[in-house]
Amino acid sequence: MNDRVPLVAGLPMYDWPEVESDVDRLWSTIAAAARERGVLAPDRLTRTDSLVDLWGDPTMILGQVCSLNPVRDGLGETEVVGTIVYEPPPGLPDTDPGTYYSVLIARTDDERRSGLGPDGVGSSVADESIQRFDGCTIASNGTDSQSGYWSLGHFVRDRLDDGPIFGEPVFTGAHRESVRAVAGGRADLAAIDVHSWRLALEHEPASAGLSVIGTTEPTPGVVCVVSWELGHHRAALDAALRAAIDSLDTPTAARLHIVGYRSRRLEEFQVVADRVEHAALHPWHR
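Described in the following lines is the structure provided in the data block. (Residues numbered from 1 in each chain as written. Predicted model: local features only at pLDDT ≥ 70, side-chain atom pairs only at ≥ 80, totals over all residues. Heavy atoms only, no water.)

Quick word on the sheet that holds strand 2 (residues 60-65)
No. 1: Spatial ordering of the open sheet is given by 1-2-11-3-12, a layout of five strands whose pairing is mixed. At either end of the open sheet lies a strand with only one pairing partner, and these are strand 1 (8-9) and strand 12 (258-263).
No. 2: Pairing analysis gives four bridges linking strand 3 (residues 78-86) to strand 11 (residues 223-227), with the strands arranged antiparallel. Among the inter-strand pairings, glycine 82 is bridged to a residue of strand 11, identified as cysteine 224.
No. 3: Relative to strand 12, helix 7 (residues 234-247) is tilted by about 160°, and along the sheet it contacts strand 2, strand 3, strand 11 and strand 12. (Pairing = 2+ DSSP bridges. Helix = DSSP H or I, 4+ residues; strand = E, 2+ residues; numbered from the N terminus. Contact = heavy atoms within 4.5 Å. Axes fitted to C-alpha atoms, helices over the stretch in contact; angles between N-to-C directions.)

Rendered as structure tokens:
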């Protein structure tokens, strides 16, 4: 591809309206670092309702995708670059840099949480909690989501001897909408990407009526990618991302909860594909 063709970029995974200006400042820092390394990065991010179109665009110089994308739906369309490292909310487990997990959320006043203690975080408590939620309605952003769908299937993998344990899911299209669905009673339980959960705690009023009852196992986190056609820029983009995160102004980094950067390779995401394959073979909801 001729690199003089106008290029596009998107950082959609945590680009909530309340932090849009901070995401723009993040991109400006990344774009400046990329240009210093000979990459013609665009001035502005592309914001679109069709993330599939963005991720499949051969002119995408940098995008941010779910950890499932590089090893499944987006396989062969993008090349992995690296992961921006985000800090989880206070009181929740930390992870290795560049990995994340999902929190399992339920309404605080749900009687099935009775006696679980504050936020109910911990594997033994989570095991007990999930048994109480047999037959419940779950909310998920979509079947293309590792954090919002497949992580929950993997979490209950050892509890399926008698068949699916959840009822039919409510598909919401976004983690924020899943938070609202549980708070509003359309669903009883949801798995939410921990960094989306932190945004919800800060910016989504519906989160006030919800509590965390457990956490899923960590996997490689949301990852920055470049289109396959522009993959020759991978090394420059990797260096640019590291330099940009290191130089990001402190207030912007604090509001986005960014604490570092980690280079990634495609093979590191195989664990995600393996877990999805296993969950797909053992139906866990109706």
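Here we look at the pattern of salt bridges
No. 1: Across all of its chains, the model carries 20 salt bridges by this definition.
No. 2: Salt-bridge contacts for arginine 25 lead to aspartate 22; the nearest nitrogen and oxygen are separated by 2.7 Å. Linking arginine 25 with aspartate 22, this pair stays in helix 1 (residues 20-36), spanning three residues, or about one helical turn.
No. 3: One salt bridge in this structure joins arginine 262 and glutamate 268, with 3.6 Å as the shortest N-O distance.
No. 4: Among the ionic contacts, a cluster of salt bridges with common partners joins Glu18, Arg176, Glu177, Arg180 and Glu204. (Salt bridge = Lys/Arg side-chain N within 4 Å of Asp/Glu carboxyl O.)

Observations concerning helix 9 (residues 270-281)
No. 1: Given a rise of 1.5 Å per residue, twelve residues ought to cover 16 Å, and the 17 Å separating the end C-alpha atoms of helix 9 matches this to within 8%.
No. 2: The inward-facing, buried residues of helix 9 contact helix 4 (146-155) and strand 10 (219-220). (Expected span 1.5 Å × (residues − 1).)

A look at the packing of helix 1 against helix 7
No. 1: Between helix 1 and helix 7, whose axes approach to 8 Å, the crossing angle comes to 130°. Judged by the angle between their axes, helix 1 and helix 7 are oblique. Relative to helix 7, helix 1 is oriented so that their crossing is right-handed. Two secondary-structure elements touch here, helix 1 through Leu26, Thr29, Ile30, Ala33 and Ala34 and helix 7 through Ala240, Leu241, Ala244, Ile245 and Ser247.
No. 2: In terms of residue class, the contact of helix 1 with helix 7 is made up of eight nonpolar, two polar and no charged. (Parallel < 35°, antiparallel > 145°, perpendicular 65-115°, else oblique. Left-handed = near helix turned anticlockwise from the far one by under 90°. Nonpolar A, V, L, I, M, F, W, Y, C, P; charged D, E, K, R; others polar.)

A word on the sheet that holds strand 9 (residues 210-215)
No. 1: Read across the sheet, five strands follow the order 7-6-8-5-9 without closing on themselves; strand pairing throughout is mixed. Every interior strand has two partners, whereas the edge strands, strand 7 (170-171) and strand 9, have only one.
No. 2: In terms of strand pairing, strand 6 (residues 138-140) meets strand 7 through two bridges, oriented parallel. From the neighbouring strand, alanine 139 faces strand 7, where its bridge partner is valine 170.
No. 3: Relative to the sheet, helix 6 (residues 194-203) contacts strand 5 (102-107), strand 8 (189-193) and strand 9, its axis offset from that of strand 8 by approximately 100°.

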